[in-house]
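# Structural description and commentary
Next come the chains, spelled out residue by residue.
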Amino acid sequence: MNGAESLVRAAREAGIEVCFSNPGTSEMPLVAALDSEPGVRGVLVLFEGVASGAADGYGRMAEKPAMTLFHLGPGHGNAIANLHNARRGRSPLVNLVGDHATWHRRYDPPLASDIKSLARPVSDWYKECRSAATVGRDLRRAIATAWTKPGRLATLTVPTDCQWGDAGSPRFRRLRVPDPSPVAGDAIEAASRALRGEGRSLLLLGAYGVRRRGLLAAGRIGAATGCRLGLETFPTRLERGPDLPILERVPYFPEQARDFFAGLSTVVLAGAVDPVAFFGYPSGISRLVPEDVGVTVLARPEEDVERALDDLAASLDAPATFAAHGTPRPEPPAPGPITASSLAQAIAAAQPENAVVVDEGITSSGAYLPLTAGCPPSTYLALTGGAIGWGLPCGTGAALGAPGRKVIVLEGDGSGLYTVQSLWTQAREGLDVVNVVFVNDLYRILQIELHRAGIERPGPQGQALTDLAAPPIEWASVAKGFGVPWTRVETADGLHAAMTRAVAEPGPALIEVRVPGASRPGVP
């Protein structure tokens with residue numbers, strides 16, 4: 001067999017099931033190998049940023065890596081924004097990057113680039129294949145690295161001659177993925193002392209601490225100590241349900257975040273990192289926890305957070321159960337205009353059990369999380385790295401990573417346009433994704449940031465750089481062009497009705513929601 005066939009066989013035997021791809025000439029042997037070595041599903045996307053975002057969503061839901069396949073350095077470069085998000089979210093992901101034949105590079109062909117320099121900032125592990133005989137072994141190392149809990153991003157560059165060259169007849173042993181490091185007993189004891197101490201305390205959860213096992217332990221810890229239970233601003237994957245505790249989310253803006261932590265004596269980090277502001281503002285706030293509040297690390301994200309929370313609960317003699325919060329599920333909204341709360345209410349009332357909710361609603365979806373605590377069990381995915389254009393691809397990959405579950409994407413119109421090609425892949429693959437696009441014809445978050453910067457009345461160019469209304473973007477035409485059924489709504493009850501229909505039908509759908517602030521109210 002050749003190197004490409006060896007690589008695909010190694011992938012299949014290691015448990016890889018999906019490859020998101022936008023290939024080119026240097027990847028043709030790998031494309032052919034997907035048929036000669038069946039078992040890995042090739043999924044075509046129309047832009048590499050969709051491939052990387054979809055692989056992120058797949059990894060979060062399947063809890064195993066997908067592969068991506070990119071064409072040389074420029075193809076990988078197109079994918080970098082969502083690779084950044086995936087790495088920040090600690091998603092398991094294996095990137096394959098085709099490269100020129102090794103003997104061809106010295107001529108500096110037009111598509112030659114420094115792939116290593118591009119890949120290193122968004123990779124936890126990087127290697128370039130040296131021969132066809134070692135391609136399969138190199139890929140197995142990449143997969144084992146990516147699969148290491150909570151997840152890592154591995155990149156393997158594969159020159160074309162390593163793909164078509166003779167690989168012999170390799171045999172692969174069962175892949176061994178290392179377990180996460182256990183948390184030392186002294187860290188458990190330090191966290192126990194901190195939560196038993198004087199003053200108010202907060203247990204801040206992240207990584208696997210916000211999966212079901214970790215949340216049940218956290219609820220018991222809260223019942224034993226009276227501590228607040230907190231959530232990182234943008235969780236990679238949060239499990240939700242009526243029997244799980246409600247977590248207080250750290251606010252996005254630093255001034256509000258400082259108020260969130262004010263009055264505490266200690267913060268215990270369980271899978272979360274010491275929170276910092278997304279940006280530096282004139283206030284000078286970078287670290288969000290005030291200096292007079294103590295911070296104790298129970299478990300780092302790469303450690304066994306779930307077991308650490310179980311051990312902490314045991315050390316505190318926590319009760320076996322805790323009281324359910326009893327928050328009711330929202331009723332369908334009354335007829336009337338769309339507001340921040342009625343929007344969230346309409347979605348929550350129609351949300352099916354075990355839904356996967358992908359949130360890149362930016363300024364329009366802020367009310368969703370607090371209003372949906374009483375909904376049936378669901379999984380919530382947030383934008384971890386801040387690079388927009390993630391929601392539609394992530395929903396695409398999540399649907400493949402969690403077959404049988406309805407995916408609901410909450411998407412802003414500005415961010416959705418970055419990777420709108422995702423709709424085509426959803427239609428092609430028949431994926432159960434309801435894309436709810438909030439349309440206000442603005443980069444509303446930029447208008448908020450202008451105001452925060454003290455620019456009350458931006459000039460014509462400043463206004464133009466936040467405006468999407470000229471010319472108007474017709475989402476109905478976009479959805480139709482990509483083969484996705486669409487609906488436009490302008491009322492809260494209309495949104496609820498559209499959601500109810502969309503979740504009942506198989507396959508993708510797009511709901512265009514005219515939200516407050518839209519510059520073209522009353523679009524026919």
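Presented here is an overview of the structure given in this document. Source: prediction; values computed, not measured.

### A short note on the overall build of the protein chain
When helices and strands are counted, the protein chain shows 20 helices and 18 strands. Computed over its C-alpha atoms, the radius of gyration of the protein chain comes to 24 Å, within 12% of the 24 Å expected for a compact globule of 524 residues. Reported as C-alpha extents along the three principal axes, the dimensions of the protein chain are approximately 65 × 65 × 45 Å. Relative to its full complement of 524 residues, the protein chain shows a buried share of 57%. The long-range share in the protein chain, meaning contacts at least 24 apart out of those at least 6 apart in sequence, stands at 80%. About 21200 Å² of surface is accessible on the protein chain, with carbon and sulfur atoms providing 52% of the total.

### Observations regarding the pattern of salt bridges
Inspection of every chain in the model, using the stated rule, returns 27 salt bridges. As a salt-bridge pair, Asp-432 and Lys-406 come within 3.8 Å of each other at their nearest N and O atoms. Pair noted here: Asp-432 is in the loop between α16 (422-429) and β16 (433-439) and Lys-406 is in the loop between α14 (391-401) and β15 (407-412), with a separation of 26 residues, a long-range link. Classification of Asp-432 as partly exposed rests on a relative accessible area of 27%. Overall, the relative accessible area of 10% leaves Lys-406 in the buried class. Between Asp-441 and Arg-514 there is a salt bridge, and its shortest N-O distance comes to 2.8 Å. Taken together, the positions of Asp-441 in the loop between β16 and α17 (444-452) and Arg-514 in strand β18 (residues 509-514) put the pair 73 residues apart, joining distant regions of the chain. Each member of the pair, Asp-441 as well as Arg-514, is classed as buried. Each of Asp-441, Glu-474, Arg-488, Glu-512 and Arg-514 takes part in one network of salt bridges that share partners.

### Section: the packing of helix α1 (residues 3-13) against helix α6 (residues 135-147)
Close contact between α1 and α6 brings their axes to 8 Å; oriented N to C, the two are set at 35°. Where α1 crosses over α6, the two elements pack in a sense that is right-handed. Residues Gly-3, Ser-6, Leu-7, Ala-10 and Ala-11 of α1 lie in contact with α6, whose contacting residues are Val-135, Gly-136, Leu-139, Arg-140 and Ile-143. Each residue belonging to the contact of α1 with α6 can be placed in one class, and the counts come to 6 nonpolar, 3 polar and 1 charged.

### A closer look at the layout of surface pockets
Estimated volume of the second largest pocket: approximately 870 Å³. Going through the elements one at a time, α3 (48-62) and α4 (72-88) are the ones with two or more residues in the lining of the second largest pocket. Looking at the lining of the second largest pocket residue by residue, the classes come out as 17 nonpolar, 10 polar and 10 charged.

### Some points on the sheet that holds strand β8 (residues 228-231)
Read from one edge of the open sheet, 5 strands run β10-β8-β7-β11-β12, paired in parallel fashion. Both outer strands of the open sheet, β10 (248-249) and β12 (294-299), are each paired with one neighbouring strand and no more. Pairing of strand β11 (residues 264-270) with β12, which is carried by 5 bridges, proceeds in the parallel orientation. Within the sheet, the bridge partner assigned to Thr-266 lies in β12 and is Gly-294. Sitting on the sheet, helix α9 (residues 212-225) touches β7 (200-205) and β8, and the angle it makes with β7 is about 180°. Along the sheet face, helix α10 (residues 254-261) touches β7, β8, β10 and β11 and points at about 105° away from the line of β11.

### Remarks on the sheet that holds strand β3 (residues 66-71)
Strand order in the open sheet formed by 6 strands is β2-β1-β3-β4-β6-β5, and the pairing between neighbours is parallel. Looking at strand neighbours, the two that pair on one side only are β2 (41-44) and β5 (125-128), the edges of this open sheet. The average undirected angle you get between the axes of adjacent strands in this sheet is 20°. For β3 and strand β4 (residues 93-99), the ladder comprises 6 bridges, and the chain directions are parallel. When the sheet's bridge partners are listed, Leu-69 is paired in β4 with Leu-96.

About the criteria used
Residues numbered from 1 in each chain as written. Predicted model: local features only at pLDDT ≥ 70, side-chain atom pairs only at ≥ 80, totals over all residues. Heavy atoms only, no water. Helix = DSSP H or I, 4+ residues; strand = E, 2+ residues; numbered from the N terminus. Rg over C-alpha atoms; globule rule 2.2 N^0.38 Å. Buried < 20%, exposed > 50% of the residue type's maximum accessible area, 1.4 Å probe, protein only. Contact = heavy atoms within 4.5 Å. Areas by Shrake-Rupley, 256 points an atom, 1.4 Å probe, with all protein chains shown as cover. Salt bridge = Lys/Arg side-chain N within 4 Å of Asp/Glu carboxyl O. Axes fitted to C-alpha atoms, helices over the stretch in contact; angles between N-to-C directions. Left-handed = near helix turned anticlockwise from the far one by under 90°. Nonpolar A, V, L, I, M, F, W, Y, C, P; charged D, E, K, R; others polar. 1 Å grid on protein atoms, 1.4 Å probe; cavity = no way out; pocket = protein on both sides within 12 Å on 5 of 7 lines; lining within 4 Å. Points joined across faces, edges and corners; volume = space filled by probe spheres on them. Pairing = 2+ DSSP bridges.

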